[in-house]
Every structure is written in C-alpha cells, then in structure tokens.
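# Survey of secondary and tertiary structure
Residue strings, one per chain:
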Amino acid sequence: MVGASVPSHDATACLTGVWKRAVSSGHKKRPVNLFIENVRTVRIVGVTLPAPAARRVKLAPSILACDFTRLGEELRAIESADWAHVDVMDGAFVPNISFGLPILAAARAASPLHMDVHLMIERPERYLKDFAEAGADSLTVHVEATAHIHRAVQQIKELGKQAGVTLNPGTPLEALRPVLADVDLVLIMSVNPGFGGQKFIPQSLERIRTVRRWLDELGSAAELQVDGGVSAANARAVVHAGADNLVAGSAVYGKDGAQAGLERLREALK
Ligand SMILES: O=C(CO)[C@H](O)[C@H](O)COP(=O)(O)O
C-alpha cells in the first residue's frame with residue numbers, strides 16, 4: 001500500500017496528481033488501481049488500470065482546416081501525426097455542411113494514416129457501412145443524433161472498426177454511461193460542433209476529468225479524445241485533465257504549414 005499527499009484542489013485533479021506521484025515512487029508503467037480516501041490521500045488497491053503518466057498522447061489533425069485543392073499534400077504534411085481526423089457535417093445535425101464519402105475515400109487513397117471519422121450527421125446508423133467501406137478506421141457517433149446509440153456502436157464494431165461516442169458541450173455526460181464500457185474512443189467536444197476555428201470552452205476541462213475518472217474506474221482502455229479549439233496554449237492542460245488524443249484543425253493547418261503546427265503542439269506537450 002502506498003500513500004501520498006496531494007495538492008488540495010478538487011478530488012479529480014488530485015487523482016491525476018496522485019497517479020503521477022505513485023508512478024515516480026517506484027510504480028513506473030505499472031498499472032494501478034487507486035482509491036481516493038479523501039482529497040489528500042489515496043491508496044493503491046489493485047493492479048488493473050493503466051497509469052496515466054505512461055499514456056502516450058496521440059495527435060489527430062483535423063483536415064477540415066486544410067486546403068482541399070491540395071488534399072494529398074496536406075495529408076503528407078501530417079504524416080508524422082498519429083491519426084487524420086475527418087469531420088463529416090450534414091447541415092442538419094450541425095448548422096454546416098463539410099464533406100462526405102468521396103473526400104474520405106480520396107484521403108484514404110492518399111494517406112496511410114488512421115482515418116478517424118467524426119460523424120456530425122443525423123441517424124448515423126444509415127451510413128456507417130458506407131463510411132467503413134470508404135476507408136474509416138474509427139467512426140464516432142453523437143448520442144444526440146440517434147435514438148439507438150447502443151445499436152450504432154455495435155454496428156461499428158461488427159464492421160470491424162473502432163467505435164467512438166461523443167456529445168455536444170451542452171449534453172449531460174450521463175448520456176455516455178450506457179455505452180461507455182463498449183466503446184474504443186470517447187470524444188469530448190470542447191466547442192459546439194459545426195465549425196473549425198472556435199474558442200475552447202473552459203468548462204470542458206472538468207468534463208474531461210470526469211470521463212477520465214469513469215474510464216479508469218471501468219478499467220477501460222478507450223482513448224479519451226478532445227476536439228475543438230485545441231492549441232499549443234491549452235494542450236498541456238487538456239492532457240493534464242486526462243485526454244490522450246488531441247484533435248486540432250486551425251492550430252495545425254496555420255499560416256506556416258502543418259509541420260510547424262504539429263511541432264508547436266509537441267513542444268507544448270513536452
Ligand atoms: O469537429 C470540429 C468542429 O465541429 C473540428 O474538428 C474542430 O473544431 C477542430 O477545429 P479547430 O481545432 O480549428 O477548433
């Protein structure tokens with residue numbers, strides 16, 4: 001049993017702090033299960049959960065912000081990233097239309113990157129098979145967009161793809177609970193979906209902490225992705241809150257090119 005004193009913010013912030021202390025006090029890379037006794041003390045009670053400090057952070061540039069006249073080049077510019085994030089908007093679920101199957105197929109043909117498709121469309125179950133066939137590696141659906149979120153998640157898995165679930169910033173996190181143990185990815189939207197280049201909503205940090213705690217309590221290895229207004233200025237705080245997968249559009253595809261944008265994010269995370 002290991003005890004550790006932690007800063008007295010709130011209990012979830014303490015959890016992150018304690019984990020790091022546990023890791024640096026001889027439990028490096030060892031999965032641990034933590035029990036918060038009170039806001040200042042925790043106990044290690046098991047060996048089932050991945051240690052957050054050992055988690056590698058994935059970067060997933062959103063091609064929504066790229067120059068579509070040079071899609072191939074723009075994808076090559078992010079080949080050092082982990083995933084390419086593909087935002088599909090239908091003009092109904094969100095007040096904007098982006099692109100659909102042909103652009104995903106073109107991106108798939110142009111790049112070996114993991115194609116991470118975020119479906120901002122109503123009743124996504126109608127198109128899951130089409131997006132899987134067009135080259136998606138992971139498919140993320142909104143809880144607000146379907147009456148059958150559980151069925152949609154199962155469908156994605158039956159298609160052999162990674163299943164993601166997400167929700168708008170105004171939707172209570174509880175809506176995630178019914179499928180939390182089944183998914184490979186949880187996406188916390190840190191802007192209202194529909195447009196790139198918006199400001200990060202600060203309350204998202206608390207939502208990330210909550211979902212991090214839930215995933216850890218479940219012993220889930222699901223990725224915790226954050227999307228919207230992520231930049232070099234806030235990436236560290238987002239990861240500290242518990243994210244391990246960052247989507248960034250305008251912060252990557254900026255004036256000085258995607259490679260420079262990715263480098264700035266990596267520097268910020270060092
Ligand atoms: O899903 C999205 C918008 O609905 C985009 O992926 C997201 O906004 C990324 O763009 P930026 O990093 O510029 O905020």
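Residues numbered from 1 in each chain as written. Predicted model: local features only at pLDDT ≥ 70, side-chain atom pairs only at ≥ 80, totals over all residues.

## A few points about the overall build of the protein chain
Across its full length, the protein chain holds eight helices and ten strands. For the protein chain, the residues scored as buried account for 40% of the 270 residues in total. Considering only intrachain contacts with a sequence separation of at least 6, the fraction spanning at least 24 residues in the protein chain is 58%. (Helix = DSSP H or I, 4+ residues; strand = E, 2+ residues; numbered from the N terminus. Buried ≥ 20, exposed ≤ 12 C-beta atoms within 10 Å, placed from the backbone. Contact = placed C-beta atoms within 7 Å.)

## Here we look at the site of the ligand
The environment of the ligand is made up of 22 residues, and the closest members are Ser62, Pro193, Gly196, Gly249 and Ser250. Elements supplying a minimum of two residues to the shell around the ligand: strand 4 (83-89) and strand 10 (245-248). Of the residues contributing to the shell around the ligand, the split by class is nine nonpolar, eleven polar and two charged. (Near = placed C-beta within 6 Å. Nonpolar A, V, L, I, M, F, W, Y, C, P; charged D, E, K, R; others polar.)

## Digging into the sheet that holds strand 5 (residues 114-120)
The pairing of strands in a sheet happens through backbone hydrogen bonds and is either parallel or antiparallel. Spatially, eight strands are ordered 3-10-9-8-7-6-5-4 in an open sheet, and the strand pairing comes out parallel. The outermost strands of the open sheet, each flanked by one partner alone, are strand 3 (58-61) and strand 4. The average angle at which neighbouring strand axes cross in this sheet is 25°, direction not considered. Pairing analysis gives five bridges linking strand 8 (residues 185-189) to strand 9 (residues 223-227), with the strands arranged parallel. Across the sheet, isoleucine 188 pairs through a bridge with valine 226, a residue of strand 9. Contacts from helix 5 (residues 149-158) reach strand 6 (138-142) and strand 7 (162-167) within the one sheet, and its direction differs from that of strand 7 by about 150°. (Pairing = 2+ DSSP bridges. Axes fitted to C-alpha atoms, helices over the stretch in contact; angles between N-to-C directions.)

## A few points about the UniProt feature "active site" (unreviewed entry) in the protein chain
With numbering matched to this structure, UniProt assigns "active site" (unreviewed entry) to Asp87 and Asp227. Spanning 141 residues, the named residues form one tight spatial group whose C-alpha atoms are at most 10.5 Å apart. Its place among the elements puts aspartate 87 in strand 4. Taking the number of C-beta atoms within 10 Å as the measure of exposure, aspartate 87 has 25 and is therefore buried. Those residues in contact with aspartate 87 that lie beyond four places of it in its chain are Ser62, Leu64, Ser98, His118 and Met120. Position of aspartate 227 among the secondary structure elements: in strand 9. Here aspartate 227 is in contact with Leu187, Met189, Ser190 and Val247, once residues within four sequence places are set aside. (UniProt positions renumbered as here; feature names shortened; annotations may be inferred.)

## Regarding the UniProt feature "binding site: substrate" (unreviewed entry) in the protein chain
Per the UniProt record, "binding site: substrate" (unreviewed entry) is annotated on Ser62, His118, Gly194, Phe195, Gly196, Gly197, Asp227, Gly228, Gly229, Gly249 and Ser250. Each residue touching glycine 249, except ones within four places of it in the same chain, is listed here: Ser62, Leu64, Ala65 and Gly196. Owing to 16 C-beta atoms within 10 Å, serine 250 belongs among the partly exposed residues under this scheme. Residue contacts for serine 250: discarding those within four places in its chain leaves Ala65, Gly196 and Gly197.

## Comments concerning the pairing of strand 5
Taking burial as the measure, the seven residues of strand 5 include six buried ones, the bulk of the element. Where strand 4 lies against strand 5, seven bridges are found, and the strand directions are parallel. Pairing of aspartate 87 across the sheet is with histidine 118, part of strand 5. With helix 3 (residues 101-110) bridging strand 4 and its parallel neighbour strand 5, the resulting β-α-β unit is right-handed. (Right-handed = clockwise from strand over helix to strand, strands pointing away.)

## Quick word on helix 6 (residues 204-218)
Count 3.6 residues to each turn of an α-helix, and residues three or four apart come out pointing the same way. Taking 1.5 Å per residue as the helical rise, helix 6 with its 15 residues ought to reach 21 Å, and the 21 Å between its terminal C-alpha atoms agrees with that figure. Phi for glycine 219, located one or two positions after helix 6, is positive at around 70°. (Expected span 1.5 Å × (residues − 1).)

## Some remarks on the confidence of the model for the protein chain
Taken over all residues, the pLDDT of the protein chain has a mean of 86, while the share at 70 or more is 80%. Note that residues 1-52 has pLDDT below 50 and, in this model, 86 contacts with residues that lie over four places away or in other chains. Overall fold confidence (pTM) sits at 0.82, and the ipTM for the predicted complex is 0.96. (pLDDT = per-residue confidence, 0-100.)

## Concerning the nonpolar core
One finds Ala84, Val117, Leu139, Val186, Ile208, Val238 and Leu246 to be the most contacted residues of the largest nonpolar core, which totals 67 residues. For this core, the element with the highest residue contribution is strand 4, accounting for five residues. With residues near it in sequence (within four places) discarded, isoleucine 208 still touches Ile188, Leu224, Val226, Val238, Ala241, Gly242 and Ala243. (Core = buried A, V, L, I, M, F, W, Y, C linked by C-beta atoms within 7 Å.)

## Overview of the environment of phenylalanine 93
Tracing the backbone through its elements, the reader meets phenylalanine 93 in the loop between strand 4 and helix 3. Counting along the chain gives twelve residues from phenylalanine 93 to alanine 105, while the straight-line C-alpha distance between them is 22 Å. Excluding its chain neighbours within four sequence positions, the residues that come into contact with phenylalanine 93 are Met120, Ile121, Glu122, His142 and Ala145.

## With respect to unusual backbone geometry
For arginine 123, which is not glycine, the phi dihedral falls at a positive 45°. With respect to the helices and strands, arginine 123 occurs in the loop between strand 5 and helix 4 (128-134). You can call arginine 123 partly exposed: it has 16 C-beta atoms within 10 Å.

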